[in-house]
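Okay, here's what each chain looks like letter by letter:
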Amino acid sequence: MSVRYPLPAARHPIAARFLDDAAAVGEAIERFGSPLHVVFPQVTAENATALAGVLRRHGVPYDIFYAHKVNASAALLAEASIAGLGADVASAAELDRALAAGFAADRIEATGPKSPAFIDRIAALGVTANADDLWELDRLAAAALAGRAVPVLLRLSGFASPAVPQSRFGIDLADADAALETVRRAPGLDLRGVAFHLDTADPAARVDALTESMAVVAAAHRKGLRPSVIDIGGGFRQRFVEDPEPFQRYSQAVATGPGELVWPGHDLGLRRAGAVAGAPAAHKYGNHRPATDVLERFLAAEVERRPVAEVLRECMLTLWIEPGKALVDHAGITLASVLYRKRAAGRDLVVLDLSRNQVTPADQEVLLDPVLVGGHGEPPAEGVFLAGRLCLESDLVSRRKVFLDSEPSSGDVLAFINTAAYQMDLSASSAGGHPPPPKVAAVLEGGRFTFVADDHHGS
Ligand SMILES: *Cc1c(COP(=O)(O)O)cnc(C)c1O
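Residues numbered from 1 in each chain as written. Predicted model: local features only at pLDDT ≥ 70, side-chain atom pairs only at ≥ 80, totals over all residues. Heavy atoms only, no water.

Attention now goes to the side chain of Asp-88. Looking at where Asp-88 falls in the secondary structure, it is placed in strand β3 (residues 86-89). Here Asp-88 sits buried without a salt bridge, and the closest side chain of opposite charge, Lys-69, lies 6.2 Å off (N-O distance). Of note is the side chain of Asp-88, whose polar atom sits 2.7 Å from the side chain of Thr-111. Discounting chain neighbours no more than four positions away, the residues touching Asp-88 are Phe-65, Tyr-66, Ala-67, His-68, Glu-94, Glu-109, Thr-111 and Glu-322. (Helix = DSSP H or I, 4+ residues; strand = E, 2+ residues; numbered from the N terminus. Buried < 20%, exposed > 50% of the residue type's maximum accessible area, 1.4 Å probe, protein only. Lys, Arg positive; Asp, Glu negative; His and termini not counted. Salt bridge = Lys/Arg side-chain N within 4 Å of Asp/Glu carboxyl O. Polar contact = N/O pair within 3.5 Å; in protein donor to acceptor, adjacent residues only side chain to side chain. Contact = heavy atoms within 4.5 Å.)

Encoded structure:
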């Protein structure tokens, strides 16, 4: 018998309750089929309340924009609208969905690279444009001539601090003055503020980017412009596990000799020339701290010996945040049925009616154990690998040996926990004629779950 390295996923009470309710899971699969993405809008509402609570406690004027790209679900988007959030959209299709979900145009901001047609729509509607480049500012200024002023944010990058990761997005700080001049000369542009979005949860990086962005705000004021917003983007973390220890133990085991733990030819990116690649705790699946901690630490961090929150208040700046994954943390799970079990390559394989790309982004790996719905009995001594349904060697749903709580067999349902952030949609394809799984919103009311089909699955 080999050593077991289970990686249990943290479960939100609503997800736990759903998975413990075999009748509810059965009803969902019966009505909507397998595989199935289940989203929990109530969890998104709870996440929004928690983040807003931190901002309120620090007395910072704020606004929260839900980064829609994290999940195509109409139900989660509508929940963000009901919760009073704004929407961050990155395409014309996302803009259409935000309007359909009930967001007024002035509650929407558009980020990312924009086409001329998208820019014209933004300008016509009065959506806030988070400008990625000087080219966009020029196009926005031209579009604005035809009608009302377009609210703009300058997305900044090229920060001097080595703590801030390099980015392909935004206007380089070296061009910030030219961008401010463009805005100053364009009667149709209304500079609301400056923005950045960092692909890291490191509070020090965010504080450095804030400090350098505040210098641009000051430069804008010197030119007679009146920006009042500083948008620090998203990047707040998800809490995947209760306890980081099993993940660290597992990472060490893989790093020192993956052997039986991974499918031949893979090391899950945890191993580089015999050493652990980066601190294991830095891997997203090892994280046990909630997004509210990241925000809390940012607001309490010091800029010139004063807390960020105090500096923002004093400068009368409104803080915007654009969380994606933090708002859908624990707001979804993915169900897939077991087709059959087999031995292959000297290993135990569980074949699922799911494709790898429908439960993880292409460049990532699901590193948590799924849950066997209705499972009972002793945990099996041996782990298993999970295979997908495509005729591709690469279609292994898990290249990591997973350790289930009980033995799966044909017809059983496996649940992948906490998949609403990027996992459902980012890389999902219809390869092999298998469309992305449908989505259903599950709402807990009076002790039981009700289901509503979600229109915008997987597109
Ligand atoms: C993707 C994205 C977000 C959301 O990022 P998370 O890490 O999911 O919070 C926010 N803002 C911009 C500009 C983005 O591109």
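Where helix α1 (residues 13-20) contacts helix α2 (residues 22-32), the two axes come as close as 5 Å, and the packing angle between them is 85°. It follows that α1 is roughly perpendicular to α2 by the angle criterion. Contacts between α1 and α2 involve Phe-18, Leu-19 and Asp-20 from the former and Ala-22, Ala-24, Val-25 and Ala-28 from the latter. Split by residue class, the contact of α1 with α2 holds six nonpolar, no polar and one charged. (Axes fitted to C-alpha atoms, helices over the stretch in contact; angles between N-to-C directions. Parallel < 35°, antiparallel > 145°, perpendicular 65-115°, else oblique. Nonpolar A, V, L, I, M, F, W, Y, C, P; charged D, E, K, R; others polar.)

This brings us to empty space enclosed by the protein. Considering all chains together, one arrives at four cavities of 30 Å³ or more under this definition. Estimated volume of the largest cavity: approximately 60 Å³. In terms of lining, the largest cavity is formed by Ala-9, Phe-240, Tyr-285, Val-366, Leu-368, Asp-369, Pro-370, Phe-416, Ile-417, Asn-418 and Gln-423. Residues that form the lining of the largest cavity fall into these classes: eight nonpolar, two polar and one charged. (1 Å grid on protein atoms, 1.4 Å probe; cavity = no way out; pocket = protein on both sides within 12 Å on 5 of 7 lines; lining within 4 Å. Points joined across faces, edges and corners; volume = space filled by probe spheres on them.)

Turning our eyes to something else, we now look at the site of the ligand. Residues in contact with the ligand amount to 13 residues; listed here are only the nearest, Lys-69, Gly-235, Glu-322, Lys-325 and Tyr-422. One of the side-chain N or O atoms of Glu-322 is found 2.6 Å from a nitrogen atom in the ligand. Against a free-state accessible area of 390 Å², the protein chains account for coverage of 90% of the ligand. Taken together, the residues of the shell around the ligand break down into three nonpolar, five polar and five charged. (Near = heavy atom within 4 Å. Areas by Shrake-Rupley, 256 points an atom, 1.4 Å probe, with all protein chains shown as cover.)

Here we come to the environment of Ala-300. Here Ala-300 lies in helix α11 (residues 291-300). Along the backbone, Ala-300 and His-58 are 242 residues apart, and their C-alpha atoms lie at a distance of 8.4 Å. Dropping the residues within four chain positions of it, Ala-300 is found in contact with His-58 and Pro-307.

For the rest of this paragraph, the subject is the pattern of salt bridges. Following the criterion strictly, the structure yields 19 salt bridges and no others. A salt bridge links Glu-242 to Arg-239, with the shortest nitrogen-to-oxygen separation between them at 3.1 Å. Close ionic contact of Glu-314 with Arg-306 constitutes a salt bridge, the shortest N to O distance being 2.7 Å. The exposed category is assigned to Glu-314, whose relative accessible area is 52%. Residue Arg-306 is classed as partly exposed on the basis of its relative accessible area of 29%.

For the second largest pocket, the calculated volume is near 250 Å³. Along the wall of the second largest pocket there are 14 residues; nearest its centre are Asn-47, Pro-290, Ala-291, Asp-329 and His-330. Elements represented by at least two residues in the lining of the second largest pocket include exactly α3 (41-57) and α11. Here the element with the most residues in the lining of the second largest pocket is α3; it accounts for five residues.

As a further point, take the packing of aromatic side chains. Pairs of aromatic rings are described using the distance from one ring centre to the other and the angle between the two planes. Evaluated as defined, the whole model comprises nine aromatic pairs. The interplanar angle of 70° and the centroid separation of 5.9 Å between the aromatic rings of Phe-18 and Phe-40 together place this pair among those described as edge-to-face. Placement of Phe-18 in helix α1 and of Phe-40 in the loop between β1 (36-39) and α3 is noted, with a sequence separation of 22 residues between them. Judged by centre distance (5.2 Å) and plane angle (75°), the rings of Phe-18 and Phe-449 are edge-to-face. Linking Phe-18 in helix α1 with Phe-449 in strand β22 (residues 448-454), this pair joins segments that are 431 residues apart in sequence. In this structure, Phe-18 and Phe-449 share a single accessibility class: buried. Three or more aromatic residues joined by ring pairs form one cluster here, namely Phe-18, Phe-32, Phe-40, Phe-449 and Phe-451. (Phe/Tyr/Trp six-rings, centres within 6.5 Å; stacked < 30°, edge-to-face > 60°.)

The next subject is the packing of helix α9 (residues 203-222) against α11. Running from N to C, α9 and α11 point in directions that differ by 45°, and their axes come no closer than 9 Å. In terms of axis orientation, α9 runs oblique to α11. By crossing handedness, the relation of α9 to α11 is classed as right-handed. Residues Pro-203, Arg-206, Val-207 and Leu-210 of α9 touch α11, and the partners they reach there are Val-294, Arg-297 and Phe-298. Class assignment for the residues of the contact of α9 with α11 results in five nonpolar, no polar and two charged. (Left-handed = near helix turned anticlockwise from the far one by under 90°.)

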